[in-house]
Amino acid sequence: MTAPRLADVVAREIEQRVLEGRLKPGDRLPSERELSVQLGVSRASLREAIQKLAARGLLESRQGGGTFVTDRLDSSFGNPWEEILRDHPGVHEDMLEFRHMLEARAAECAAMRATASDRERVRQCLAALEDSFGGQDLDLQVDSDLAFHQAIAEASHNVIVGHLTASLLRLMRDNLRRNLSELMQVPAARDALLDQHRAVWRAIEQGDAAQALDAAASHIGYVRQNLTRMLRSDARLALKSGA
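Keep in mind the model is a prediction, meaning the values are calculated, not measured.

1. Remarks on the overall build of the protein chain
No. 1: Counting secondary structure elements, the protein chain contains 11 helices and two strands.
No. 2: Overall, the protein chain shows an N-to-C arrangement of helices and strands of α-α-α-β-β-α-α-α-α-α-α-α-α.
No. 3: When the 243 residues of the protein chain are sorted by exposure, 42% land in the buried category.
No. 4: Intrachain contacts of the protein chain at a sequence separation of at least 6 include 71% that bridge at least 24 residues.
No. 5: Taken as a whole, the protein chain presents about 13,200 Å² of accessible surface, with 51% of it coming from carbon and sulfur.

Written out as structure tokens, the structure reads:
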């Protein structure tokens, strides 16, 4: 069996770092000298590996110098899905059903696999979420909510789950903002959402996979229930205006 070329080995190592989230979309790679030392290879082999990854669309060179991770992995959910979700509100229910399947299992896996640093990151995201919910900045609330769920996805240590969740949540940002803008008008809903997030965190902290799955599923179920209510309300208003 022919041994793999060194440039191919280096390319796979860089690709693995991207998949695991050690290099994120938009990140600039370390300098050629630094990266070659990290990987223990010559700069010539490193250049060849970078060229291979650039040809595959994973890396790109930008004006001003430097090589960056592209956002191709995290843009898998983009147009035409953004237009479909905007023009066909009923598709949101299908999207939430998929989110239910993805995030519940992500929480389950996170409870089983999260490292101490993963748990600390989720805890910090929960603290930021609690702080944002105490204020009136809706965009901050949305961003902290997304960060909490993304931290759990990455703590699942499933690279596909991590990247799909990032794409899905970014796609659903406008919908989440709309949902939160209405829910935040009801103090009981604000408290309920916080309690749901805390329940997911506690299960992950305690390593209780079954409870993590149930808590995450209950949270998404609550969101789905409220979205259905809002869609029905919008439909009634549309009928009245068309009458």
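2. Some thoughts on the pattern of salt bridges
No. 1: One pass over the full model with this rule turns up 17 salt bridges.
No. 2: Where Arg198 meets Glu130, a salt bridge forms, and the shortest distance between an N and an O atom there is 2.7 Å. Here the residue Arg198 occupies a position in helix H10 (residues 187-206), and Glu130 occupies one in helix H6 (residues 116-133), the gap between them amounting to 68 residues.
No. 3: Judged by its relative accessible area of 26%, Arg198 falls in the partly exposed class.
No. 4: Judged by relative accessible area, Glu130 falls into the partly exposed class, the value being 28%.

3. So, helix H7 (residues 138-155)
No. 1: Taking 1.5 Å as the rise per residue, H7 with 18 residues should run 26 Å; its terminal C-alpha atoms sit 26 Å apart, in good agreement.
No. 2: Counting buried positions along H7 gives 13 out of 18 residues, so the element sits mostly inside the fold.
No. 3: Where H7 begins, the capping side chain belongs to Asp137, and its oxygen is found 3.2 Å from the backbone nitrogen of Asp139.
No. 4: Downstream of H7 by one or two residues, His157 has phi in the positive range, about 55°.

4. Quick notes on the layout of surface pockets
No. 1: Here the largest pocket is characterised by a volume of approximately 430 Å³.
No. 2: Along the wall of the largest pocket there are 23 residues; nearest its centre are Glu20, Gly21, Lys24, Gln150 and Glu154.
No. 3: Counting only elements with at least two residues in the lining of the largest pocket, the list comes to helix H1 (6-19), H6, H7 and helix H8 (159-171).
No. 4: Of the residues assigned to the lining of the largest pocket, the class counts are nine nonpolar, six polar and eight charged.

5. Focus on the confidence of the model for the protein chain
No. 1: Mean pLDDT over the protein chain: 84, with 84% of residues reaching 70 or higher.
No. 2: Taken element by element, the predicted model of the protein chain shows its lowest mean pLDDT in helix H4 (residues 81-87) (61) and its highest in H6 (96).

6. Focus: the packing of H1 against helix H2 (residues 32-39)
No. 1: Look at H1 against H2: their axes get within 12 Å of each other, and the N-to-C directions meet at 100°. Taken together, H1 and H2 sit at an angle that is classed as roughly perpendicular. Along the contact surface, H1 presents Val10, Glu13, Ile14 and Arg17, while H2 presents Leu35, Gln38 and Leu39.
No. 2: Class assignment for the residues of the contact of H1 with H2 results in four nonpolar, one polar and two charged.

7. Re the side chain of Ser156
No. 1: Considering the arrangement of structural elements, one finds Ser156 in the loop between H7 and H8.
No. 2: Owing to a relative accessible area of 0%, Ser156 belongs among the buried residues under this scheme.
No. 3: When residues no more than four places from it in sequence are discounted, the contact partners of Ser156 are Ala106, Cys109, Ala110, Arg113 and Val161.

8. Section: H2
No. 1: Listed as buried for H2 are Leu35, Ser36 and Leu39. On an axial view of H2, the arc spanned by its buried residues comes to 100°, and they lie on one face. Set apart from the buried face of H2 by more than 90 degrees, the exposed residues are Arg33 and Val37.
No. 2: Downstream of H2 by one or two residues, Gly40 has phi in the positive range, about 70°.

9. Topic: the side chain of Arg99
No. 1: Looking at the element boundaries, Arg99 is found in helix H5 (residues 91-113).
No. 2: For Arg99, a relative accessible area of 3% corresponds to the buried category.
No. 3: Once you skip the residues sitting within four places of it in the chain, Arg99 turns out to touch Ala104, Asp145, His149, Leu168, Leu169, Met172, His219 and Ile220.

10. Regarding the environment of Ser36
No. 1: Of note, Ser36 is situated in helix H2.
No. 2: Look at Ser36 and you get buried, because its relative accessible area is 7%.
No. 3: On a C-alpha basis, the gap between Ser36 and Leu46 in space is 6.3 Å, while along the polypeptide they are 10 residues apart.
No. 4: Ignoring sequence-local partners within four residues, the contact set of Ser36 consists of Val41, Ser42, Arg43 and Leu46.

What counts as what
Residues numbered from 1 in each chain as written. Predicted model: local features only at pLDDT ≥ 70, side-chain atom pairs only at ≥ 80, totals over all residues. Heavy atoms only, no water. Helix = DSSP H or I, 4+ residues; strand = E, 2+ residues; numbered from the N terminus. Buried < 20%, exposed > 50% of the residue type's maximum accessible area, 1.4 Å probe, protein only. Contact = heavy atoms within 4.5 Å. Areas by Shrake-Rupley, 256 points an atom, 1.4 Å probe, with all protein chains shown as cover. Salt bridge = Lys/Arg side-chain N within 4 Å of Asp/Glu carboxyl O. Expected span 1.5 Å × (residues − 1). Polar contact = N/O pair within 3.5 Å; in protein donor to acceptor, adjacent residues only side chain to side chain. 1 Å grid on protein atoms, 1.4 Å probe; cavity = no way out; pocket = protein on both sides within 12 Å on 5 of 7 lines; lining within 4 Å. Points joined across faces, edges and corners; volume = space filled by probe spheres on them. Nonpolar A, V, L, I, M, F, W, Y, C, P; charged D, E, K, R; others polar. pLDDT = per-residue confidence, 0-100. Axes fitted to C-alpha atoms, helices over the stretch in contact; angles between N-to-C directions. Parallel < 35°, antiparallel > 145°, perpendicular 65-115°, else oblique. Arc of directions from axis to C-beta.

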